[in-house]
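Coordinate analysis (summary)
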Amino acid sequence: MRISKAVATRRSVRAFLDKQVDPALIRRLIEQAGRAPSGGNLQPWHIYVVTGAPLAQLKSLMEEKIASNPKGEGSEFNIYPPELEGIYADRRYKIGEAMYNGLAIAREDRAGRRMWFNRNYRFFDAPVGLFCFIERYMGPPQWSDMGMYLQTLMLLLREEGLDSCAQECWALFHNTISTFVQAPDHHMLFCGMAIGYRDPDHAANNFPSERAALEEFATFIG
Ligand SMILES: Cc1cc2nc3c(=O)[nH]c(=O)nc-3n(C[C@H](O)[C@H](O)[C@H](O)COP(=O)(O)O)c2cc1C
């Protein structure tokens, strides 16, 4: 697969086929994505991959956690800036509406939307769940390095016919996840990622996610 095709066909996939992923393949891709660049070659990402019985265990643990604490444990960082406004707030609103319209879950159906959202905490029933941590004292440049790792992985997954959804919502249950994967205290959870084979027919995988026009974000000088 050409990189351009991997980029064009990657989307956040939120419904997966009931089909296992070869563990050796996942290992290889997690390793290969480590070729991502990072400032000073720090490679600040720390990855945990959860599959099989532990994944099933985590899903039932999350059901309990959500039932007793639906809003989560509070995130250790602002997932979005509290002052988010203008085009950014607009884009966030639009993608949410596009998804829930695609799923035919009305705005007033808060319980329905919440139920769908909580599927995040089952990794949308993907066969592989991943968590990405970073050393607590790292700053914005290293967080951007984490993004490079994650996108490299998502494109490599595409090359193998696999799909993914990055999930920062897991940061809302950072205590539960850190304990579950036994991450050291000095590591902070950034996000999760669902990985598996896309269900091509599911409405969750067929709504459009728009992008800004070139002129909105790029300036060419000279
Ligand atoms: C770091 C990161 C965290 C994300 N967290 C979530 C999440 O918690 N739940 C979710 O459904 N989608 C999540 N997404 C997916 C975004 O909503 C998605 O990338 C965006 O709407 C653009 O759509 P596309 O990926 O399908 O092109 C996340 C994406 C990124 C890059």
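Each value, and the rule that gives it
Residues numbered from 1 in each chain as written. Predicted model: local features only at pLDDT ≥ 70, side-chain atom pairs only at ≥ 80, totals over all residues. Heavy atoms only, no water. Helix = DSSP H or I, 4+ residues; strand = E, 2+ residues; numbered from the N terminus. Rg over C-alpha atoms; globule rule 2.2 N^0.38 Å. Buried < 20%, exposed > 50% of the residue type's maximum accessible area, 1.4 Å probe, protein only. Contact = heavy atoms within 4.5 Å. Areas by Shrake-Rupley, 256 points an atom, 1.4 Å probe, with all protein chains shown as cover. Axes fitted to C-alpha atoms, helices over the stretch in contact; angles between N-to-C directions. Parallel < 35°, antiparallel > 145°, perpendicular 65-115°, else oblique. Left-handed = near helix turned anticlockwise from the far one by under 90°. Nonpolar A, V, L, I, M, F, W, Y, C, P; charged D, E, K, R; others polar. Pairing = 2+ DSSP bridges. Salt bridge = Lys/Arg side-chain N within 4 Å of Asp/Glu carboxyl O. Near = heavy atom within 4 Å. Polar contact = N/O pair within 3.5 Å; in protein donor to acceptor, adjacent residues only side chain to side chain.

Quick look at the overall build of the protein chain now. Broken down by element type, the protein chain carries eight helices and four strands. Secondary structure elements of the protein chain, listed N to C terminal, follow the sequence α-α-β-α-α-α-β-α-β-α-β-α. Here the C-alpha radius of gyration of the protein chain, 18 Å, is about what a compact globule of 222 residues would show, namely 17 Å. Scored against the burial criterion, the 222 residues of the protein chain give a buried share of 41%. A sequence separation of at least 24 residues applies to 84% of the contacts in the protein chain between residues at least 6 apart. As displayed, the protein chain offers around 12800 Å² of accessible surface, 54% of which is attributable to carbon and sulfur atoms.

Direction vectors running N to C along helix α2 (residues 23–32) and helix α6 (residues 140–159) enclose 140°, while the axes themselves pass 9 Å from each other. Relative to α6, the element α2 lies oblique. By crossing handedness, the relation of α2 to α6 is classed as right-handed. Counted together, Ile26, Leu29, Ile30 and Gln32 of α2 and Tyr149, Leu153, Leu156 and Leu157 of α6 form the full contact between these two elements. Of the residues in the contact of α2 with α6, the class split is seven nonpolar, one polar and no charged.

It is worth spelling out the sheet that holds strand β2 (residues 128–135) at this point. Pairing is antiparallel across the open sheet formed by four strands, whose spatial order is β1-β2-β4-β3. Here the strands that pair on one side only, and so sit at the sheet edges, are β1 (45–51) and β3 (163–167). Neighbouring strand axes in the sheet, compared pairwise and without regard to direction, differ in orientation by 25° on average. In this structure, β2 lies alongside strand β4 (residues 187–196), joined through eight bridges in antiparallel fashion. Across the sheet, Cys132 pairs through a bridge with Cys191, a residue of β4. Here α2 sits on the sheet in contact with β1, β2 and β4, set at roughly 170° to β1. Across the sheet, helix α3 (residues 52–68) is in contact with β1 and β2; its angle to β1 comes to roughly 95°.

Below, the discussion takes up the side chain of Lys59. Topologically, Lys59 is positioned in helix α3. Taking the relative accessible area as the measure of exposure, Lys59 reaches 16% and is therefore buried. The residues contacting Lys59, other than those within four sequence positions of it, are Tyr121, Arg122 and Asp125.

Scanning all chains against the criterion turns up 12 salt bridges. The salt bridge involving Arg107 is made with Glu97; its shortest N-O contact spans 2.6 Å. Taken together, the positions of Arg107 in the loop between α4 (86–102) and α5 (110–117) and Glu97 in helix α4 put the pair 10 residues apart, joining distant regions of the chain. Given the relative accessible area of 14%, Glu97 is considered buried. Linked by salt bridges that have partners in common, Lys59, Glu63, Arg119, Arg122 and Asp125 make up one network.

This brings us to the site of the ligand. Close to the ligand lie 15 residues; Ser12, Arg14, Ala166, Glu168 and Arg211 are nearest. Between an oxygen atom of the ligand and a side-chain N or O atom of Arg14, the distance comes to 2.7 Å. Measuring from a nitrogen atom of the ligand, one finds a backbone N or O atom of Glu168 at 2.8 Å. In the complex, 74% of the free accessible area of the ligand, which totals 620 Å², lies under the protein chains. Looking at the shell around the ligand element by element, the count peaks at three residues for β3. Among the residues forming the shell around the ligand, the class breakdown is six nonpolar, four polar and five charged.

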